[in-house]
Amino acid sequence: MIPRSEYPRPQFQREESSWQCLNGPWQFAFDFGNSGIDRKLYMPEAEFDREIVVPFCPESRLSGVEYKDFISAVWYRRTIRIAKAQLENRVLLHFGAVDYHAIVYVNGEKAGEHRGGYVSFSFDITALLREGENLLVVYAEDDNRHGLQPKGKQSSLFHSHGCDYTRTTGIWQTVWLEFVPKTYLKSVKTQSDYRNRTVTFTAAMAGQEADATLRACISFEGCVQKEVEVALNTGKTTFTVELDAVKLWDVGQPNLYDVTYTLYVKGTAVDTVAGYFGVRTVELRDHAIYLNGRPVFQRLILDQGFYPDGIYTAPTDEALRRDIELSMELGFNGARLHQKVFEERFLYWADHMGYLVWGEHASWGLDLHKMENLANFGAEWMEIVERDFNHPAIVGWCPFNETWGGQDPRLLQMMYAITKAMDTTRPVIDTSGNYHVVTDIYDIHDYEQDVDIFAQRYGAVTREKVYDKFEKQQYYEGQPYFISEYGGASWNASEGWGYGSAPKTEEEFMQRYAGLTTALMTNEAICAFCYTQLTDVEQEQNGLYQYDRSKKFSDAVYQAIRDTNRQTAAIERR
């Protein structure tokens with residue numbers, strides 16, 4: 001059985017026969033001396049002494065390797081069979097994510113390379129292929145200790161410690177082949193406007209550009225709503241469609257429009273792609289975050305996307321969906337996807353479940369006082385925003401988290417400006433928690449566990465004056481105010497840790513959760529919270545569920561959390 005064999009790019013999907021999943025057993029070799037290129041491990045005669053199950057990283061149990069020490073570089077190898085008919089068109093090789101620097105070889109020739117451990121990339125390998133058996137080799141180099149690359153919550157020490165956990169090296173998302181025509185639809189960006197009842201498409205094609213047109217057929221629940229056809233001038237076009245009766249995408253109401261794109265060249269259909277979009281608008285007004293014209297208090301949970309058996313990689317597609325279900329069952333309406341770029345399948349489920357998420361890069365590990373790191377960080381961040389732009393579930397971007405001292409403010413300013421230039425439809429937080437330089441929403445982190453102190457602190461917050469323990473390092477300018485990390489108390493953590501003193505009884509935990517959360521929800525000058533966190537992660541044992549997603553509290557505690565979260569927030573009474 002092939003692991004993680006579901007279609008990896010569900011928002012831009014060709015028919016079943018157009019792709020081949022390459023997950024499963026690959027030959028594998030460690031390269032601790034990082035000498036494999038000199039030893040020509042990309043050539044057919046090279047020897048590989050191990051096997052690994054892709055897409056799981058070698059540190060994980062599901063990979064079959066489970067090697068936990070530092071790994072300088074790794075090599076993967078397998079064969080692929082290509083039919084003569086497939087060579088008459090184009091063959092694209094896709095990687096969901098490879099951490100960190102990947103070089104890909106086909107039949108001993110270099111096909112391409114990519115830097116960045118968190119975003120998808122692909123190569124056109126048609127010219128390197130031959131009919132029959134072909135050799136595919138992947139090299140991945142990864143060193144998270146030099147401060148030159150984002151690592152997120154991957155430990156830079158031998159052991160997991162504090163807020164850092166088991167590392168991920170090499171391939172950790174699906175590898176797949178896609179068979180496309182010589183002229184094909186490369187991408188379509190969608191942008192909706194609920195007030196004007198419109199959706200704007202920006203489409204790009206690859207290949208022959210003369211006499212090309214694109215037809216978009218939009219439907220809702222199987223009924224065709226609109227059909228338009230436009231010319232692709234110089235291989236790209238932008239067009240706007242007005243919808244007659246708009247069904248809005250909203251919290252818990254995942255109304256999605258299906259769209260079929262058909263590319264024509266000289267009147268003949270050459271490519272067909274299925275996608276979807278949601279109509280919704282995010283705005284900042286009156287010290288609040290508005291969704292579709294009304295203030296919505298964001299009740300978020302911190303989700304770090306780690307799994308005990310797959311580390312960065314969910315063991316199944318159902319596990320991705322289940323994490324969202326666990327959150328929504330407790331009355332949360334979204335999540336901060338924390339210090340990790342989540343795979344497209346997770347965002348697919350968020351779109352289809354009406355679940356709000358914030359996109360965040362894995363910025364920890366990057367030396368932020370060096371402007372030259374903008375090249376390493378910025379290029380990948382732009383790829384992330386470009387890839388995930390169409391997902392209605394994403395309601396904001398946050399490139400950095402807790403940048404602390406030593407940061408070069410120009411780096412944060414630049415990343416904020418780049419993000420705003422790429423996406424004018426969503427708010428951007430420059431760095432979550434501290435230290436803000438330029439930000440649309442002013443967020444802070446506060447792990448105070450005393451309910452009385454916490455309630456007094458946030459009861460005093462107004463639109464003009466907020467609580468900020470770093471007010472000498474950052475300056476509030478009247479933005480919407482968001483407590484984006486709080487809580488985090490441990491429960492029965494024999495060897496792990498949580499924030500502050502652990503509650504001694506379930507009753508004490510319920511009172512603490514209700515007290516902290518209610519203090520935030522009852523002040524109309526606070527627009528959102530994010531509770532730490534959905535599950536335990538290794539030694540950090542402050543989740544609402546165990547690391548394996550099993551329950552850690554009685555049903556009474558979960559009902560108390562649910563009741564607290566579902567109360568109407570002050571900001572929603574406007």
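Residues numbered from 1 in each chain as written. Predicted model: local features only at pLDDT ≥ 70, side-chain atom pairs only at ≥ 80, totals over all residues. Heavy atoms only, no water.

Asks: Can you help me understand the overall build of the protein in this one?
Replies: Across its full length, the protein carries eight helices and 34 strands. For the protein, the C-alpha radius of gyration of 24 Å lies close to 25 Å, the compact-globule estimate for 574 residues. On the principal axes, the C-alpha backbone points of the protein span a range of 70 × 60 × 45 Å. Looking at the 574 residues of the protein, the share that counts as buried comes to 61%. (Helix = DSSP H or I, 4+ residues; strand = E, 2+ residues; numbered from the N terminus. Rg over C-alpha atoms; globule rule 2.2 N^0.38 Å. Buried < 20%, exposed > 50% of the residue type's maximum accessible area, 1.4 Å probe, protein only.)

Asks: How should the state of the cysteines be read in this particular structure?
Replies: Linking two cysteines covalently via their sulfur atoms produces the bond known as a disulfide. The full count for this structure, using the stated rule, is zero disulfides. With no disulfide of its own, C530 lies closest to C398 among cysteine sulfurs, the gap being 11 Å. (Disulfide = S-S within 2.5 Å.)

Asks: Quick question: what am I supposed to make of unusual backbone geometry here?
Replies: With the exception of glycine, the majority of residues adopt a negative phi angle, and the majority of peptide bonds are in the trans configuration. Between N434 and Y435 the backbone carries a cis peptide bond, its omega angle lying at -15 degrees. Within the element layout of this structure, Y435 appears in the loop between β31 (431–432) and β32 (442–445). With an omega of 0 degrees, the peptide bond running from T532 to Q533 counts as cis. When you line up the elements, Q533 lands in the loop between β34 (528–532) and α8 (555–565). Positive phi outside glycine occurs at N107, with the angle close to 50 degrees. Here N107 shows up in the loop between β8 (101–106) and β9 (109–115). Unusually for a residue other than glycine, E402 sits at a positive phi of about 45 degrees. Position of E402 relative to the elements: it lies in the loop between β30 (400–401) and α5 (409–422). The class of E402 is buried, set by a relative accessible area of 15%.

Asks: How should I be thinking about empty space enclosed by the protein in this particular structure?
Replies: Over the atoms rolls a probe the size of a water molecule, and its path tells where empty space is left. Going through the model one piece at a time under the given rule, you end up with six cavities of 30 Å³ or more. Considered as a void within the structure, the largest cavity measures approximately 80 Å³ in volume. Lining the largest cavity are L337, K340, V341, F342, L347, W358, G359, E360, I384, D388, I394 and W397. A per-element tally of the lining of the largest cavity places strand β28 (residues 356–360) first, with three residues. Here the residues of the lining of the largest cavity are counted per class, giving eight nonpolar, one polar and three charged. Ranked by residues supplied to the lining of the second largest cavity, first place goes to strand β24 (residues 288–291) with three residues. Looking at the lining of the second largest cavity residue by residue, the class counts come to seven nonpolar, one polar and no charged. (1 Å grid on protein atoms, 1.4 Å probe; cavity = no way out; pocket = protein on both sides within 12 Å on 5 of 7 lines; lining within 4 Å. Points joined across faces, edges and corners; volume = space filled by probe spheres on them. Nonpolar A, V, L, I, M, F, W, Y, C, P; charged D, E, K, R; others polar.)

Asks: Help me understand the pattern of salt bridges in this model?
Replies: Pairing of side chains with opposite charge becomes possible as their charged atoms draw close. Counting across every chain of the model gives 39 salt bridges. Connected through shared salt-bridge partners, R9, R14, E178 and D271 make up one network. (Salt bridge = Lys/Arg side-chain N within 4 Å of Asp/Glu carboxyl O.)

Asks: Quick question: what am I supposed to make of the sheet that holds β9 here?
Replies: Backbone hydrogen bonds are what pair the strands of a sheet, in a parallel or an antiparallel way. Spatially, the six strands line up as an open sheet ordered β4-β3-β5-β11-β8-β9, and their pairing is antiparallel. Across the chains shown, the open sheet's two edge strands, defined by having one partner strand only, are β4 (50–54) and β9. Taking the axes of each pair of neighbouring strands and ignoring which way they run, one obtains an average angle of 30 degrees across the sheet. Where strand β5 (residues 73–82) lies against strand β11 (residues 132–141), 10 bridges are found, and the strand directions are antiparallel. Of the residues in β11, the one forming a bridge with I80 is N134. (Pairing = 2+ DSSP bridges. Axes fitted to C-alpha atoms, helices over the stretch in contact; angles between N-to-C directions.)

Asks: Quick question: what am I supposed to make of the sheet that holds strand β18 (residues 236–242) here?
Replies: Judged by pairing direction, the sheet is antiparallel, and its three strands sit side by side in the order β14-β15-β18 without closing on themselves. Each edge of the open sheet carries a strand with a single partner, namely β14 (184–193) and β18. Here the strands of the sheet are splayed against their neighbours by 20 degrees on average, with no regard to which way each runs. Taken together, the nine bridges between β14 and strand β15 (residues 198–206) define a ladder with antiparallel strand orientation. Paired with Q191 across the bridge in β15 is T200.

Asks: I would appreciate a short explanation of the layout of surface pockets in the present structure.
Replies: Computed from the structure, the largest pocket encloses a volume of approximately 1,100 Å³. As for the largest pocket, its lining consists of 43 residues, and the residues nearest its centre are R9, K186, S187, E386 and R387. Of all the secondary structure elements, the ones that give two or more residues to the lining of the largest pocket are β6 (90–95), β10 (121–124), β13 (175–180), β14, β15, β22 (268–277), α3 (344–353) and α4 (373–388). Counting residues per element, the lining of the largest pocket draws most heavily on β14, at seven residues. For the lining of the largest pocket, a count of residues per class yields 15 nonpolar, 14 polar and 14 charged. Q191, S192, D193, R280 and T425 are, among the 18 residues lining the second largest pocket, the residues nearest its centre. Secondary structure elements with two or more residues in the lining of the second largest pocket: β14 and β15. A total of four residues in the lining of the second largest pocket trace back to one element, the largest contributor, which is β14.

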